[in-house]
Amino acid sequence: MVYQLSFDRLHQDQSKDSVVLPVTLKLGRKTSNFEAQIDTGASVCIFRRQQDEELGIEIETGLREQINTVTGSFITYGHQLTLSVLEIDFEAYVYFAVQEQFARNVLGRIGWLDRIKVGLIYYDRQVFLSPYESMEV
Amino acid sequence: MATELLNDLMQRSSGLSLSEKRRLALFLTEEVPEDNGRTPEFRLKLNAPEIHSKHREQYLVWLKTHQKEYGGQYVALHGERLLGSGQTIRDAARAAKESGCLQPFLVYVPRPEGEYWGGWI
């Protein structure tokens, strides 16, 4: 049995030791550009506070959520923004860490992985991506 | 005969609710072939920025207000309307389509007691 998937975007960056993608957050005319790791263990997309501030958002006005880790927890606030990865744009709730020491940006399951198709060849640092548009319901 | 049937259907459909009319419109449109004779594709377009970015404040208020009621579920919203809900994003998309909306805003409602994990480490 052979299974085939097709994708319309490819990102490759041999210089990185992890699986990262360029991300743009949009709010009106303001944008924030950065890189984020794909993390299937993260329930949601979690970004540094700095990204939120670049967009001029008052972080504490969002949806307050505690994020758990194996060593403890931290507080985030969720905001609806336009999340753009390799020019696949959609509105999503993403979460910003309150603590400025939080230094990671991750693309998680809810809000990103649950609405795209992704393929990975880590050997070549290749990430294949498509929007999940052909949803049969 | 066809005109009589059409008039009858139009008259009877006037008693339907708004969401039922949307469902009927979607059903009838799906039955109409395109000029090339093929059945048109009616793909869902989820969370389109051009539609849903203007409803950000509404959706935030909705989520805060209904977190207890819908925590742990995906919901399909469009402006002030709740189109449906379900345990998975597919369930919510199906509910949106059944209500006659192909361009819903799908969002997961986090449980009030918290449930999110920050990653594998």
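Note: the structure precedes this text.
On a predicted model such as this, the values are computed, not experimentally measured, just so you know. (Residues numbered from 1 in each chain as written. Chains lettered and ligands numbered in written order. Predicted model: local features only at pLDDT ≥ 70, side-chain atom pairs only at ≥ 80, totals over all residues.)

Draft legend 1. Expanded view of the overall build of chain A. Scanning chain A from terminus to terminus reveals one helix and ten strands. When the helices and strands of chain A are listed from N to C terminus, the series reads β-β-β-β-α-β-β-β-β-β-β. For a compact globule of 137 residues, the expected C-alpha radius of gyration is about 14 Å, and chain A comes in at 15 Å, within 12% of that figure. For chain A, the C-alpha atoms occupy an extent of roughly 50 × 35 × 30 Å along the three principal directions. Counting only residues that meet the buried cut, chain A has 35% of its 137 residues in that class. A separation threshold of at least 6 residues defines the contact pool for chain A, and within that pool the share at least 24 residues apart is 58%. (Helix = DSSP H or I, 4+ residues; strand = E, 2+ residues; numbered from the N terminus. Rg over C-alpha atoms; globule rule 2.2 N^0.38 Å. Buried ≥ 20, exposed ≤ 12 C-beta atoms within 10 Å, placed from the backbone. Contact = placed C-beta atoms within 7 Å.)

Draft legend 2. Geometry of the interface of chain A and chain B. Contacts between the two partners involve 28 residues from chain A, matched on the other side by 29 residues from chain B. Mapped onto the side of chain A that touches chain B, the elements with two or more residues apiece are strand S5 (63–69), strand S6 (72–85) and strand S7 (88–97) of chain A. Per-element tally for the side of chain A that touches chain B: the top contributor is S5(A), with six residues. Direction of pairing for S5(A) relative to strand S4 (residues 116–117) of chain B: parallel, over a ladder of two bridges. Pairing of A:Asn68 across the sheet is with B:Trp117, part of S4(B). (Pairing = 2+ DSSP bridges.)

Draft legend 3. Region of interest: the sheet that holds strand S2 (residues 81–86) of chain B. All names here are of chain B. The strand order S2-S1-S3 describes an open sheet built from three strands, whose pairing is antiparallel. Strands at the two margins of the open sheet, each flanked by one partner only, are S2 and strand S3 (105–109). The sheet shows a mean angle of 30 degrees between the axes of neighbouring strands, direction not considered. Inspection of the sheet shows strand S1 (residues 73–78) paired to S2 by five bridges, in the antiparallel sense. Bridge pairing in S2 links Tyr74 to Gly86. (Axes fitted to C-alpha atoms, helices over the stretch in contact; angles between N-to-C directions.)

Draft legend 4. Representation of the environment of B:Arg111 in the model. All names here are of chain B. Tracing the backbone through its elements, the reader meets Arg111 in the loop between S3 and S4. What makes Arg111 partly exposed here is the crowd of 15 C-beta atoms within 10 Å. Here the alpha-carbon distance between Arg111 and Ser14, two residues 97 residues apart in the chain, equals 40 Å. Beyond its immediate sequence surroundings of up to four residues, Arg111 is in contact with Gly71 and Gly72.

Draft legend 5. Main features of the pairing of S6(A). Residues and elements named next belong to chain A. Where strand S2 (residues 20–27) and S6 come together, four bridges link them in antiparallel fashion. Bridged to Lys26 within S6 is Thr82. With seven bridges connecting them, S5 and S6 associate as antiparallel partners. Bridge pairing in S6 links Thr69 to Gly72. Sheet analysis places S6 next to S7, joined by ten bridges and oriented antiparallel. Bridge pairing in S7 places Gly78 opposite Tyr95.

Draft legend 6. How the structure looks around helix H5 (residues 89–98) of chain B. Residues and elements named next belong to chain B. Among the residues of H5, Ile89, Ala92, Ala93, Ala95, Ala96 and Lys97 are the ones counted as buried. Buried residues along H5 sit in contact with S1, S2 and S3. A positive phi of about 95 degrees marks Gly100, the residue just after H5.

Draft legend 7. Quick look at the nonpolar core. If you look at the biggest cluster of nonpolar residues, it comprises 51 residues, and the most contacted ones within it are A:Cys45, A:Ile46, A:Leu83, B:Ala76, B:Ala92, B:Leu106 and B:Val107. For this core, the leading source of residues is S7(A), giving seven residues. When sequence neighbours within four positions are dropped, the list of residues in contact with B:Ala76 reads B:Leu83, B:Gly84, B:Ala92, B:Ala93, B:Ala95, B:Ala96, B:Pro104 and B:Leu106. (Core = buried A, V, L, I, M, F, W, Y, C linked by C-beta atoms within 7 Å.)

Draft legend 8. Expanded view of the environment of B:Ala92. All names here are of chain B. Checked against the element boundaries, Ala92 lands in helix H5. Note: C-alpha distance between Ala92 and Tyr108 (16 residues apart in sequence) is 9.5 Å. For Ala92, the residues in contact, after removing those within four places along its chain, are Tyr74, Val75, Ala76, Gly84, Ser85, Gly86 and Leu106.

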